[in-house]
Amino acid sequence: MKKLSILSLAAGMLALASCDSYLDKLPDDRAEVNSLDKAKKFLVSAYPNHSPNFVFFMSGDNVTDNGVLYTAQPNQTNAYKWEPIETENNDDPKQVWNANYEAVAVANMALEALAGDESADAQALRAEALLCRAFAMFQNANMFCMAWNDSKADEYLGIPYPKVAGVSVNERGTLRQTYENINADIEAALPLLNDGYLTVPKYHFNQKAAYAFAARFNLFYQNWDKAIEYATKALGGNPIALLRDMGSYATLAGVDDIHNKWIRSGENCNLMFVDAVSINGRANRGSSSYKRFCHNMDVLKTQTMWAKTPWSESASAATKNALQEARRMYGSNQAVYIPSLIEDFEIRDKINQTGYAHVVDPVFTGDETILTRAEAYIMKKDYDKALADMNTWLTAHCDVTSPKFLTLTVDNVNTALDAIRMTEVPSRAVGEESIKKPLNPQGFTVEEGTQTNMIYVVLQMRRITTMYQGQRWLDIKRWGIEFTHHLDGEDNLVFKAGDLRGAIQLPNDVIEAGLEPNPRETATQN
Amino acid sequence: MEKRLMMFLAGLFLSLGMAFAQTKVTGTVISQEDDQPIIGASVLVQGQRSGTVTDVDGKFTISVPSGKKITISYIGMETQTVTPKNGMTVTLRSSAELQEVVVTGMQKTDRRLFTGSTTKVDAEKAKLDGVADISRSLEGRAAGVSVQNVSGTFGTAPKIRVRGATSIYGSSRPLWVVDGVIMEDVTEVDADQLSSGDAETLISSAIAGLNADDIESFQILKDGSATSIYGARAMSGVIVVTTKKGKSGQTRINYTGEFTMRLKPSYSNFNIMNSQEQMGIYKELEANGLISFGRTYRASSSGVYGKMYQLMNTYNPATGSFMLSQTEEAKNAYLREAEMRNTNWFDELFSNAIQQNHSISMSTGTDKAQYYTSFSIMDDPGWTEQSKVRRYTASINAMYNVNKKVTLNMIANASYRNQRAPGTTSQSVDAVTGNVSRDFDINPYSYAINSSRALDPNEFYTRNYAPFNIHNELANNFMNLDVVDLKYQAELKYKPIKKVELAVLGAYKYSTTTQANEIHENSNMAQSFRAMDDATIRDNNPWLYSDPDKPNTKPESVLPVGGFYRETKYKMSSWDFRATAQYNDVFNEDHIVNLYGGMEINDTQRSRSYFNGVGMQYDMGYLGSYDYLFFKQSAEQNAMYYSLSNSYGREVSFFATATYSWKGRYVINGTTRYEGSNRLGKSRSARWLPTWNVSGAWNAHEEPWFQKTFKTALTHATLKASYSLTGDKPAVTNSQAIIQSFNPWRPFASDKESGLQIYDFANPDLTYEKKHELNIGVDLGFLNNRLNVQFDWYRRNNYDLIGMRTTNGTKGTINEYANVASMRSHGEELSISSKNIVSKDFKWNTDFIFSHVKTKITELDNRSRLIDMVTGTGFAKKGYAYRSLFSFDFKGLNANGIPQVVNEKGEVVTSDIYFQSRDIDYLVYEGPTDPTITGSLGNSFTYKNWHLNIFATYAFGNVVRLDPAFYASYSDLDAMPKEFKNRWTVSGDENKTTIPAIPDLRQLQADTKLSYAFNAYNRSTDRVAKGDFIRMKEISVAYDFPQTWLNALKLKSASIKLQGTNLFLIYSDKKLNGQDPEFFNTGGVAVPMARQFTCTVRVGL
């Protein structure tokens, strides 16, 4: 027997080796990314399905306080007060952080699967994966880091930038490192682009979207030349064809129809969509649970669609405001909205009518890209080209038959802007604010006079174009725009230039897991 | 026993001459009880010291001086002194309740040499006649085994726990081993899903295909020592089932017929308003504006009032008037009729029809070959409407002795089951409002207790905007289950030399289940897909479809004709192969050695497919007819009309066990198993788990001084201790990233594409969940073993359990499952069996079983939402028992009669509650949802040919959530509990009652989230009861026909038995008001265990 057991043990040890391969069988039909086609399918999930837009919108100056009579959700209040958000809802920092790193993980796994394959198809997929990684990290950097500021980029914290699948990165690094990483990925990807393989190009980094992304990144990175170069590549020779024809929305019946058209992939202005599970579409429309902090009539009249601008006399009347958007506003005094990024509801349980609230965000549009180029031209003081772009935007967005429609020139911009009062900070009331708020560019300078005035106009155009897309908050951070958040029954809050609260605090779990939290100035906390 | 000890003593003092002539005698010792050989019985020449011990086959060879007798003794058996004869067979009779052989499924071990904690349950004794699923009969039969009948529907598994839960996310289900072969589940249903009432639970019982009459015994292996041979699969205990075998020299034909009548539930046991009381409430609802023509006529669901309004609005051209005239009198007459109706829904939906079970077995054999064959048919016409079951089983067990060295055993089992069940969809919990619901639920039991008694059972009312009648719906919306289970196994044993046995076993199992949900065109479910009688309904009916590509159009039906044919198929096929070697020896008469080792390979494949046949026209010869819109909508909503998924399990293991005993007094045992599974990480450390056990036993009664000291007062004493490591595969399989295909949601079908996504990130370190267990046990036999006491104490440390881990998220996810949680448990088990009276004509036996288990989660990062903690089975939280129930802190009613609870901010609120919150610290701990104390008390009396058996089970220590009964708004369909009489009605009542008001229209409009307040109240401290109960499980009277009658009829045996099962609760919390504390009323296919009477006829030829 002893001999037997020794024999069987020996046989067992031998068997072990073969057993290991017997046990390598996967326990289910999970896919393995082992072909170009699968890599391509895998990249469908390399786009984050949570969006920072809700936090960005509530943090910025597009919203104000309707008063304590209206309900606000905890995360909404936190964002409005620039406080750390500890809830874990779909729009909260934890979900955004998670979704962006999930996208990066997918991109990294796809890159791993593509490694070594230099075929043209593989290169195109590699480009998409790199752009997905860069985009997700750019989204996270926008949310959790300070705006780019060359003089402070070594001091500001960055975010971990994983480049290897399945490996945690436990250091945040500096903002400079983060931007260098994003830049490297974009630069590596752009030469490899090829739209040929995309079946649903508008939900992927097609060429135009890729260049629009590169343009936006370089604008934020303050590389004006590159911003112009890439925006031009995105827009092509006839930019107006890639702008939203706002006039065509005038004939539509109502909210749903406008919204449905807005997010159609057939609309040429939409360069790329990213869908997010988000309550933002509901909050923006002034759902009763979110009605306290909204884009209300006061903001509309003083700072957004109805604000006094070169094309508007602070009124909705068609004769006094050439802007098409000004005539597409719906809602109530407390929450007035344009039905662009409203909610699409995915019903999972029909009886209870529950499911997921989605917001489909055209993250890159021709409209935003042309304004990116215009802003870069202004920074280069190439006002003619800037004005050309701004006028293209006006043609698309205004009723050209309106008496207020105009073609912008340096002179009429200066005249119009000089006539607009500078907003005091803190302001006494939203009603006393205007489109002009103190600018303190972060890490660069802008001249008084024409350059500043031109910037005010282009920033206003951006604010209108990207109403629910979070870009206003990023412009506030980049330009060091100081503004006031009023609070019913409490002291007003002021957001200062270079305010550290511009970098949203990391999710609690992530801090607990050992990442360095964003610093806060104790003085501004209160 | 005495004699044997005497002999030992004698042997010590007597020196014996060897002067006589010697004859060599060979013989076999078998047990009378089961005709099995007795291993290790001592055979001594009378008056001499010399002797021998029987081998694994019960064989002995001894040299006997002529004229001397030999004495054969064995623990627990009556010693016999016989005249030696070559080739003799000595049959020993049991002297006590002690069992001599422990069957571990792999090995048979002499009980004296077994160091683990185990209980053997005789199927004949435990069997609950009329309960076709034998696993239910284990309730209260073994200490440490709890059986909770969360649903009584045939095919659903009871929640069985051996010594409590062992895993937080895993199923904690014991391993079933039938005739040495591990039974794999067709589908993995975890502990929480068992109580969900979902259709999948109908095939959750691994042994529903076994005929109860074929089972010989259960051996429940509890501690690590007993289970360690199964090592990495045995963390939650093992239940070994041994089926009947043929016996040599006997030919028997047995017939068993069971006839079972189940009682209908009665309103007297429930707390439901009669129609008069109910109409009173409706009138009040009407007065408050909650029932009105405007609200109710077009409501999605309505009852008496809705019908009345519809009649008032329907013009009958034949009579030239409205169906009901618009007068106060006509209205009152109509309502008075409803008031007097008092419909008995239990009578309507339940039946006393007799369930029958017929089973015939044949057993025969010679020395060369033994056979056992059986057939059975179980026919259940259904306790509730649409719940028919018919099951056929066949089994054959053939044993062939090829020659002295080789035996071959072949077993085949087949069963087929055809079952009907009410149609059901899966249950869902709405995390937003805290509502647990099931679309189109037509479970007869839950319908009966939730439907107003004012409804006419033959009338169609409205549900989901379409006509609804429960009888019609059950006839038109049902499930057909076809279950086939097959098992073939063969075992070849070879004994090259006496002491060695080599064996190979191969088994193949195949199981397939087709679950077809037929939803006919006349069913309410199909009709609601096309209910659009008027514009209001058309706009509101959620089952209609608005095409996003067609702005400004009315919703339309995606099912203009026909119904659905939804088919789910489960398939499982598995292979087992095992090779073992055993060595038994006794050296110098005192040193008993047993070595056993081998290897095992398993391969299991499962598949599950789903298909939804849309637009099936049953009345048109099953013609299919679909509208493309259904698929367009499905595409937009990401719903699939078909699916297929496969899973593969592969396991390899090596095991060995060694036992050494000195004179049977001292035993030490060690076991090790090395197991690998394909479900775990690629690295050796994660994939392969070595498990082990060390244990020892001291049979004190074998000591020479023992009998002298205790005489007959204490006749048996064994002390055992074991320490072990066992494990189980975790519930997750993400050792490699799980990448699945998906269809991302897109607003327009034209933007659809399919992709791959990460379902679970890779955790290359994923490994087994593990358990260390220390067990100390003592077995005592008093008064010649008339009184036997068995006590075990254990402490368990479960670690490497699956739990949530928080990371910085840069790998792709912040929260992931990993082996990070741990749990401790400890418990005590006591079994006392006593033969109170033993006389020729009268016998009285008492069995008392008590077990206590306490679990505590010691490490767990809780990521549960609030809603998970307060519903049904609760959830795990660090510092508390496995599955604890928590409640909202109820703070009385407010001045308007609306319930108030404390919310996450510490405020006393009505509806300002966030059910998805992960902040759960403010909830009130209620207690565990699994009982901590379980057991039974059984008394059996035998007088001549009469047997009386009274068996009660009990469970204590857990809490249960009362069925939700309170809502913000009620319709004229709802049945209400009688508590409603004491509800808040006028200001000031809040000081007297905790029963909330029925909110009026103004309150409902003022607070759109008012339903949150009621959902919170239903899950508050006010709505929880103790789960404690004592149940009269069984009372039975049996009569064995006397031999004289039988001889006349040429029968070998015949008996008749009357048995009442689940008769009543002797004790339960008053707050339960008729709610069964074991049963989870979740709708779907769940019904409680019936109160039933069974007549059993047994005839032996």
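Fair warning: this is a prediction, and the values are worked out from it, not measured in the lab.

Right, let's get into the pairing of strand β31 (residues 591-617) of chain B. All names here are of chain B. Looking at chain direction, strand β30 (residues 563-587) and β31 are connected through 25 bridges and run antiparallel. By the bridge assignment for β31, Trp575 is matched with Asp603. Taking the residues between adjacent antiparallel strands as the criterion, β30 and β31 are bridged by three residues, where Asn588 takes a positive phi near 45°. Two strands pair when backbone bridges link them, and β31 and strand β32 (residues 623-624) are joined in this way by two bridges, in the antiparallel orientation. Bridge pairing links Met616 to Gly624 in β32. Linking two consecutive strands that pair antiparallel, namely β31 and β32, is a turn of five residues; a positive phi of about 70° is found at Gly621 within it.

The next thing to look at is empty space enclosed by the protein. Residues and elements named next belong to chain B. Within the structure shown, the criterion is met by 19 cavities of 30 Å³ or more. Considered as a void within the structure, the largest cavity measures approximately 400 Å³ in volume. In terms of lining residues, the largest cavity is bounded by 30 residues, among which Gly152, Thr153, Phe154, Arg262 and Asp380 are the most central. Looking at the lining of the largest cavity, the elements with two or more residues in it are β21 (369-380) and β23 (406-422). Ranked by residue count, the leading element in the lining of the largest cavity is β23, at four residues. Tallied by class, residues from the lining of the largest cavity come to 14 nonpolar, 11 polar and five charged.

Our next topic: the sheet that holds strand β14 (residues 181-182) of chain B. With mixed pairing, the five strands of this open sheet are ordered in space as β10-β15-β16-β13-β14 (chain B). Each edge of the open sheet carries a strand with a single partner, namely β10 (118-122) and β14 of chain B.

For the rest of this paragraph, the subject is the environment of Asp57 of chain B. Residue and element names in this part refer to chain B. Its location among the elements puts Asp57 in the loop between β3 (51-53) and β4 (59-65). For the pair Asp57 and Gln36, spaced 21 residues apart in sequence, the C-alpha to C-alpha distance is 8.5 Å. With residues up to four places along the chain from it excluded, the contact list for Asp57 reads Thr28, Pro37 and Lys495.

Tallying the contact residues gives 69 residues for chain A and 77 residues for chain B. Carbon and sulfur atoms supply 56% of the area buried between chain A and chain B, which totals about 6300 Å² over both sides. In this structure, the connection of chain A to chain B is made through one salt bridge. The partner of Asp24 of chain A in a salt bridge is Arg687 of chain B, with the nearest N and O atoms 2.7 Å apart.

With that out of the way, let us pick up the pattern of salt bridges. Applying the stated criterion across every chain, the model contains 86 salt bridges over all chains. Asp150 of chain A is the partner of Arg176 of chain A in a salt bridge, and the nearest nitrogen-oxygen pair spans 3.2 Å. On the criterion of sequence distance, the pair formed by Arg176 of chain A in helix α7 (residues 175-189) and Asp150 of chain A in the loop between α6 (120-144) and α7 is long-range, its members being 26 residues apart. In this structure, Arg111 of chain B and Asp779 of chain B form a salt bridge, with 3.4 Å as the shortest nitrogen-oxygen distance.

Before going further, it helps to spend a moment on the side chain of Asp92 of chain A. Tracing the backbone shows Asp92 of chain A in the loop between α4 (74-80) and α5 (93-114). What Asp92 of chain A contacts, discounting residues up to four positions off in sequence, is Asn75, Ile85 and Thr87 of chain A.

Should pLDDT be low for a region, the predicted coordinates there are not to be read in detail. Residues and elements named next belong to chain B. Mean pLDDT over chain B works out to 86, with 95% of the residues at or above the 70 mark. Every residue in residues 5-20 scores below 50 in pLDDT, and together they form 14 contacts with partners more than four places removed in sequence or on other chains. For this predicted complex, the interface score ipTM comes out at 0.89, while the overall pTM is 0.84.

Quick look at the packing of helix α5 (residues 275-287) of chain B against helix α8 (residues 328-339) of chain B now. Residues and elements named next belong to chain B. Following both chains from N to C, one finds α5 and α8 inclined at 140°, their axes separated by 8 Å at the closest point. It follows that α5 is oblique to α8 by the angle criterion. Residue-level contacts link Ser275, Gln276, Met279, Lys283 and Glu286 of α5 to Lys331, Leu335, Ala338 and Glu339 of α8.

In this section: the side chain of Arg463 of chain A. All names here are of chain A. Note that Arg463 resides in helix α16 (residues 450-465). In this structure the side chain of Arg463 is engaged in a polar contact, spanning 3.0 Å, whose partner is the backbone oxygen of Asp61. Here Arg463 is in contact with Asp61, Asn62, Val299, Gln303, Thr304 and Arg472, once residues within four sequence places are set aside.

Calculation criteria
Residues numbered from 1 in each chain as written. Chains lettered and ligands numbered in written order. Predicted model: local features only at pLDDT ≥ 70, side-chain atom pairs only at ≥ 80, totals over all residues. Heavy atoms only, no water. Pairing = 2+ DSSP bridges. Helix = DSSP H or I, 4+ residues; strand = E, 2+ residues; numbered from the N terminus. 1 Å grid on protein atoms, 1.4 Å probe; cavity = no way out; pocket = protein on both sides within 12 Å on 5 of 7 lines; lining within 4 Å. Points joined across faces, edges and corners; volume = space filled by probe spheres on them. Nonpolar A, V, L, I, M, F, W, Y, C, P; charged D, E, K, R; others polar. Contact = heavy atoms within 4.5 Å. Buried area = accessible area lost by both parts, 1.4 Å probe. Salt bridge = Lys/Arg side-chain N within 4 Å of Asp/Glu carboxyl O. pLDDT = per-residue confidence, 0-100. Axes fitted to C-alpha atoms, helices over the stretch in contact; angles between N-to-C directions. Parallel < 35°, antiparallel > 145°, perpendicular 65-115°, else oblique. Polar contact = N/O pair within 3.5 Å; in protein donor to acceptor, adjacent residues only side chain to side chain.

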